[in-house]
Amino acid sequence: MPKSMRLKSIISILFLISAVAAVPSPAGADTIFGIGYLTRSFSSGEEDTVYKLKTLMLSTGQSFDFSSGWKLKLEAGFALSNFNGLAFNGLPVSLEYSAGGMPGVALGASIGKAFWLLDEFVIELQGRVRSSLSLKKNWTLEGFAVPGNASGTNWWAEASVGPKISYHFFGKFVPYLSIAGSYFTGAFNMKEKLENLKASEKKTFKGKSFLEVIFGSELIVSQKLQFVAEAGFRPYKGGLDTILTVATLIEF
Amino acid sequence: MFREKTTSTSFFGILLLAFSLMPGLSDGKAADRRLKTSQLQQKKNEVSTRTVRQKPLVRRQSRKMIKIQMPARIQTSAYAPDRIMVKFKPEVTIQSRENMIAAYQMRDVQEIPRINVFRMKVPEGMSVEETLALLQFNPDVDYARPVYKTRIFDIPNDSFFMLYQYNLYNRGIVLDITPEIQPQTTAGADIKATPAWDVTTGNPEVVIAVLDTGADMTHLELQNKVVSSGRDFVNDDSDATDDSFHGTHVAGVAAAETDNAEGIAGVAWNCKILPVKVIDQEGTGYYDDMIEGIIWAVDNGAKVLNLSLGGDVADPALEAACKYAYDNGAVMVAAAGNDALNAVAYPAAYDDYVLAVAATDWNDEVASFNNYGPEIDVAAPGMWILSAAPQWYVGEEYLPYLFVSGTSTACPHVAGFAALLFSFKSWLTPDQVMNIIRYTADDVNSSSYAGKDDYIGYGRINMERGLVPYKLK
């Protein structure tokens, strides 16, 4: 991840933490275990081609409930980011990523606060950032007349902000709908070396969709155990991305 | 269908000379060899196009016999932006089906007969993906699919392509050249042109200068391919019309009119040809014309220079001209020579600026006539290569095509490859293009000489590896 982006990610997360730190200490904290799958369509530079990132994320973290009403979640874990089909035609010998999930570190944070209560409905404002920083991966280029190798790293980050409407009529089962503006960006650096041919290409990309709609539900099993499941989509002109998340919140 | 031409032509003398220069190709070799040596001593700066073999001609009547049906395939990455295909389950009644279609606000619904599949336009304001996402949860729908695009393979429909152009796409056929010459070819012993054409068939702005005997600019394969009438340095005028066959043949290999349902396919379908005549009717020329021709071609926009010719003597002015081309962003490709000597011809031997090309055959065997040495960069098919020839040269009873052998015919394969690389990646430097061509070659003689060697350099060129993205797994 470039320094500037790394800095932005850290600042974003620190901003969330400091926003919460400004309010009194948390009234409660849960440990989160989550698994998520998301697809994100993107384009790079002037290219017409629409690529699709598929990511599987396993994370753990803490959820903090503050007496002021703010809720903060901080997560870290493991991500497999699949950029299959991403072509690097800016290299002398074109390369196409077909290696499936590329392992990396996942970071995430969200913050929200209920602002309006109407009968059984609760409306809260929620912001979420999520990012992944891959480990460097090396490949041997086979079949050429000279020895060759390639190496690549990638990062991506997404942020969303919007209202979340939850319905509390059923007691322990709380369905909700979240509609948010969403932004996705990232980059993939690829280097290639074939004897005297040495080159690198950095593909920066932006998401095709800027809106996400998530249907979710919380199942409160007990004071100490809670399940959350979310399914959503991000439409864009000519396609649809999906989000699936399952998480468990446990109070130890 | 084919017959060896027995009548002599104005080029016959040159052919005798060419044959004589090849060890083992004629009984009169020794005498003619001496003749050639003395000539070289007298005319130090002479260059020539030494064709090893040429003759079997395609008879005109054969034109009617060839019909090639092109296969089609599905390109899975793209589909119609507004249409889908839906198959309903057999138990769904017509009324239910129509109600459902109306409820979804599908448009222009048509049944594809026999298989109970309906094609329809998606509702206004909805994408194909959204519509399919909705339909997949409908229990009455067996399946709903996008309408994928189809296209023909980028295999040209030129009538001789599948039958004779083993050099571009070798299916392992019997090459029916004459009743006496019918070699069995080995599948895959080719330059892998067809997958490379899926990436690019060339950009008309990329010009290949053919420094040779000129080009028949009225030939079906070239009339729409030449950017201008070129330059004739032999006769000092601006009409590089071929008064032989050699330049026409070479130009045809590099960039013949392709996918026009007739004749042959060129390596770089859409690239253009700039004819530069530096060799006379007899197949010989002089360094000064060649040097001037190189500089003129570069100054007139050529990105690739093909020189299926050469001389035996190094010359600083020639080297300076090659450097000029290189420094100005052009790739020079030159034939190694057909003398079977341990001495690569000039300008091919200028290793820093020029790609030196040897010849292989339909089995990826190294041609016996190649000159060899450390300057050899790559090889390409150069045995019985079918390409264009002037009608007047072959005679009215034959189609205007010739089978020719020699490093001369191998060379334009590499020039076409370079032109395709520039077409696909205009930002490449000459050095990068040269290295891509070298490093992506197939080491077809690795059992005898593993790695780069003096006979075919890095190997026989492989356009697929040079143009199709390498998959990182």
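From a predicted model like this one, the values you see are computed outputs, not experimental measurements.

Cut-off values and rules
Residues numbered from 1 in each chain as written. Chains lettered and ligands numbered in written order. Predicted model: local features only at pLDDT ≥ 70, side-chain atom pairs only at ≥ 80, totals over all residues. Heavy atoms only, no water. Helix = DSSP H or I, 4+ residues; strand = E, 2+ residues; numbered from the N terminus. Buried < 20%, exposed > 50% of the residue type's maximum accessible area, 1.4 Å probe, protein only. Contact = heavy atoms within 4.5 Å. Areas by Shrake-Rupley, 256 points an atom, 1.4 Å probe, with all protein chains shown as cover. Pairing = 2+ DSSP bridges. Core = buried A, V, L, I, M, F, W, Y, C linked by side-chain atoms within 4.5 Å. Buried area = accessible area lost by both parts, 1.4 Å probe. Salt bridge = Lys/Arg side-chain N within 4 Å of Asp/Glu carboxyl O. Polar contact = N/O pair within 3.5 Å; in protein donor to acceptor, adjacent residues only side chain to side chain. Nonpolar A, V, L, I, M, F, W, Y, C, P; charged D, E, K, R; others polar. Axes fitted to C-alpha atoms, helices over the stretch in contact; angles between N-to-C directions. Phe/Tyr/Trp six-rings, centres within 6.5 Å; stacked < 30°, edge-to-face > 60°. Domains from an automatic or database assignment. Left-handed = near helix turned anticlockwise from the far one by under 90°. Disulfide = S-S within 2.5 Å.

### Quick notes on the overall build of chain A
Then step 1. For chain A, the count of helices and strands is one helix and 14 strands.
Then step 2. Here chain A holds 252 residues, and the buried ones make up 46% of them.
Then step 3. The contacts in chain A between residues at least 6 apart in sequence include a share of 61% that link residues at least 24 apart.
Then step 4. Put simply, chain A shows about 12000 Å² of open surface, and 63% of that area lies on carbon and sulfur atoms.

### Let's talk about the sheet that holds strand β5 (residues 95-97) of chain A
Then step 1. The strand order across the open sheet built from three strands is β4(A)-β5(A)-β18(B), with neighbouring strands paired in mixed fashion. A strand with exactly one partner marks an edge of an open sheet, and here the two such strands are β4 (87-88) of chain A together with β18 (470-472) of chain B.
Then step 2. Two strands pair when backbone bridges link them, and β4(A) and β5(A) are joined in this way by two bridges, in the antiparallel orientation. Residue pairing for β5(A): Phe88(A) is matched across the bridge by Leu95(A).

### Let's talk about the nonpolar core
Residues and elements named next belong to chain B.
Then step 1. Grouped together as the largest cluster of nonpolar side chains are 105 residues, with contacts concentrated most on Ile208 and Ile437.
Then step 2. Of the residues forming this core, the biggest block, 10 residues, is contributed by helix α11 (residues 407-424).
Then step 3. When sequence neighbours within four positions are dropped, the list of residues in contact with Ile208 reads Ala254, Ala255, Ala268, Cys271, Lys272, Ile273, Leu274, Val304, Asn306, Ala415, Gly416 and Ala419.
Then step 4. By size, the runner-up hydrophobic cluster in this structure holds 39 residues, among which are Val207, Ile291, Ile294 and Leu318.

### Focus: the interface of chain B and chain A
Then step 1. Taken together, the contacts link 24 residues of chain B with 29 residues of chain A.
Then step 2. Together, Tyr439(B), Tyr470(B) and Leu472(B) form the three largest contributors to the area buried by chain B at its contact with chain A, with a combined 37%.
Then step 3. Note that Glu96(A) is salt-bridged to Lys471(B), the shortest N-O span being 2.9 Å.
Then step 4. Our enumeration of links across chain B and chain A arrives at 15 residue pairs in polar contact (both at pLDDT 80 or more).
Then step 5. Going through the elements one at a time, α4 (128-135), α12 (430-439), α13 (463-467) and β18 of chain B are the ones with two or more residues in the side of chain B that touches chain A.
Then step 6. Residues of the side of chain B that touches chain A, tallied by class, amount to 13 nonpolar, four polar and seven charged.

### What about the sheet that holds strand β12 (residues 302-307) of chain B?
All names here are of chain B.
Then step 1. If you trace the seven strands from one edge of the open sheet to the other, you get β9-β10-β8-β12-β13-β14-β15, paired in parallel fashion. Either end of the sheet is taken by a strand with one partner, and the two such strands are β9 (231-232) and β15 (376-381).
Then step 2. Relative to strand β13 (residues 331-335), β12 is paired through four bridges, and the arrangement is parallel. Among the inter-strand pairings, Leu307 is bridged to a residue of β13, identified as Ala334.
Then step 3. Of the strands in this sheet, β13, β14 (354-360) and β15 touch α12, which is tilted by about 20° from β14.

### With respect to helix α7 (residues 246-255) of chain B
Residues and elements named next belong to chain B.
Then step 1. Taken across its 10 residues, α7 has 10 buried, putting it largely inside the fold.
Then step 2. Turning to α7, its buried residues number three or more, namely His246, Gly247, Thr248, His249, Val250, Ala251, Gly252, Val253, Ala254 and Ala255.
Then step 3. Those residues of α7 hidden inside the fold are in contact with β8 (207-212), β10 (272-277), β12, β16 (385-388), β17 (398-405) and α11.

### Some remarks on the packing of aromatic side chains
Then step 1. By the definition in use, this model includes 35 aromatic pairs over all chains.
Then step 2. Where Phe170(A) meets Phe173(A), the ring centres are 6.0 Å apart and the plane angle is 50°; that geometry is what we call tilted.
Then step 3. Its relative accessible area of 36% is what places Phe173(A) among the partly exposed residues.
Then step 4. Residues Phe233(B) and Trp296(B) carry aromatic rings whose centres are separated by 6.3 Å and whose planes lie at 75° to one another, so their mutual orientation is edge-to-face. Note that Phe233(B) is positioned in the loop between β9 and α7 and Trp296(B) in helix α8 (residues 287-299), a separation of 63 residues in sequence. For the pair shown, Phe233(B) and Trp296(B) are each scored as buried.

### Things to note about the domain arrangement of chain B
Then step 1. Here the domain parsing of chain B yields domain 1 (37-70 + 153-467) and domain 2 (79-149).
Then step 2. Averaged C-alpha coordinates put domain 1 of chain B and domain 2 of chain B at centres separated by 53 Å.

### Quick notes on the pattern of salt bridges
Residue and element names in this part refer to chain A.
Then step 1. According to the stated counting rule, one finds 20 salt bridges over all chains in the structure shown.
Then step 2. Glu158 is the salt-bridge partner of Arg40, the closest N and O atoms lying 2.7 Å from each other. Of the two residues, Arg40 is situated in strand β1 (residues 26-44) and Glu158 in strand β9 (residues 148-167); the sequence distance between them amounts to 118 residues.
Then step 3. For Glu158, a relative accessible area of 7% puts it in the buried group.

### Things to note about the pairing of strand β6 (residues 117-121) of chain B
Regular strands place their side chains on alternate faces of the sheet.
All names here are of chain B.
Then step 1. Across four bridges, strand β5 (residues 107-112) lies against β6 in antiparallel orientation. Bridged to Gln110 within β6 is Arg119.
Then step 2. Connecting β5 to the antiparallel partner β6 that follows it, the hairpin turn spans four residues, and Arg114 within it adopts a positive phi of roughly 80°.

### Structural notes on the packing of α7(B) against α11(B)
All names here are of chain B.
Then step 1. One way to put it is that α7 packs onto α11 with a least axis distance of 8 Å and a crossing angle of 40°. When the axes of α7 and α11 are compared, the crossing they make is right-handed. For the pair α7 and α11, contact is made by His246, His249, Val250, Val253 and Ala254 and by Ser408, Thr409, Pro412, His413 and Gly416, respectively.

### What to know about the state of the cysteines
Then step 1. Under the definition given, this model contains zero disulfides over all chains.
Then step 2. No disulfide involves Cys271(B); its sulfur sits 15 Å from the nearest other cysteine sulfur, which is in Cys411(B).

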